Amino acid sequence: MIRSVIIEDEAAAREALKNYLAKYCPQVQLLGEAVNAQEAINLLHELQPELVFLDVEMPFGNAFDVLEACKDLSFETIFVTAFSEYSLRALNQSAAYYLLKPVSIEELIAAVNKVQQQIEKQQLFNRNKIILDNFREERLDKRQVILPTLEGFEVVKMEDIVHLQGNGNFTDIYLADGGKKMVCRFLKHFEEILPFPFLRVHKSHIINIHHVKSYHKGTGGVIMLSNGREVDISPTYKDEFLKTFR
């Protein structure tokens with residue numbers, strides 16, 4: 001059983017989640033619930049659950065205030081949120097589990113199963129700390145990104161990523177230190193979550209423009225990067241690339 005609590009200020013949403021968990025996620029043992037940030041902080045320190053269903057916005061603070069006040073505790077978090085491009089991008093960068101309101105039963109089951117697998121394999125790491133660090137960091141290019149690899153997860157600073165290249169169902173990520181990571185995500189995923197200075201320049205390539213060393217003209221052109229790699233630019237993306245240097 002996964003010892004869990006729900007933190008949600010909307011009564012209807014709270015009851016719906018409780019009913020879904022009871023019916024579709026019997027492995028979840030619900031220990032308690034809270035309706036605002038202060039109640040949540042007290043409850044988490046008292047019960048010390050393994051899993052927290054955490055509403056992003058609530059009275060007297062938000063989800064990140066709760067995580068900050070409970071950073072001495074270890075638990076997995078499934079965020080529950082209304083759509084916000086800003087918050088979803090940050091959650092995706094941190095490989096966080098989240099559910100959009102109204103909660104989908106299928107997505108709830110999938111999120112709980114993923115958490116259960118992490119607990120059973122004892123592959124827990126302090127994802128909450130990375131989420132907090134990313135929300136504190138005002139410069140988007142200074143944030144961290146969690147990369148799901150074949151072996152598990154790796155945490156990388158965005159500023160250390162030079163170039164991403166699509167590789168079928170995977171993405172190869174080239175780092176400033178010469179390292180390379182094969183990540184279990186399509187290139188499109190990174191186009192959606194990585195902020196400027198990351199720029200798509202080809203159907204198979206995304207670059208960090210801070211690592212551009214030179215550009216050579218052509219039908220599309222060729223970019224030389226700081227790690228010595230050359231990347232072709234598609235004519236489709238050429239104007240956008242050149243605009244960033246004007």
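Above this note sits the structure.
Residues numbered from 1 in each chain as written. Predicted model: local features only at pLDDT ≥ 70, side-chain atom pairs only at ≥ 80, totals over all residues. Heavy atoms only, no water.

## Examining the sheet that holds strand 7 (residues 97-100)
Strand order in this open sheet of 5 strands is 2-1-3-6-7, and the pairing throughout is parallel. On the outer flanks of this sheet lie strand 2 (28-34) and strand 7, each paired with one strand and no other. When strand polarity is set aside, the average angle formed by the axes of neighbouring strands in this sheet is 20 degrees. In this sheet, strand 6 (residues 76-81) lies alongside strand 3 (residues 51-55) in parallel orientation, the contact comprising 5 bridges. Bridging from a neighbouring strand, Val52 pairs with Thr77 of strand 6. Against the sheet, helix 5 (residues 105-120) makes contact with strand 1 (2-7), strand 2, strand 3, strand 6 and strand 7, and its axis sits at roughly 170 degrees relative to strand 7, the strand it touches most. (Pairing = 2+ DSSP bridges. Helix = DSSP H or I, 4+ residues; strand = E, 2+ residues; numbered from the N terminus. Axes fitted to C-alpha atoms, helices over the stretch in contact; angles between N-to-C directions. Contact = heavy atoms within 4.5 Å.)

## Focus: the sheet that holds strand 17 (residues 230-232)
Spatial ordering of the open sheet is given by 15-16-17, a layout of 3 strands whose pairing is antiparallel. On the outer flanks of this sheet lie strand 15 (212-216) and strand 17, each paired with one strand and no other. Averaged over all adjacent pairs, the angle separating strand axes in this sheet is 25 degrees, with direction ignored. In the sheet, strand 15 pairs with strand 16 (residues 222-225) via 4 bridges, with the strands oriented antiparallel. Looking at strand 16, one finds that Ser214 is bridged to Met224.

## Some remarks on the environment of Val201
As for its placement among the helices and strands, Val201 is situated in strand 13 (residues 198-202). With relative accessibility at 0%, the residue Val201 sits in the buried group. Val201 sits 33 residues away from Ser234 along the chain, and the two C-alpha atoms are 6.2 Å apart. The residues contacting Val201, other than those within four sequence positions of it, are Ile207, Ile223, Val231, Asp232, Ile233, Ser234, Tyr237 and Phe241. (Buried < 20%, exposed > 50% of the residue type's maximum accessible area, 1.4 Å probe, protein only.)

These values are about where atoms sit, not about what they do.
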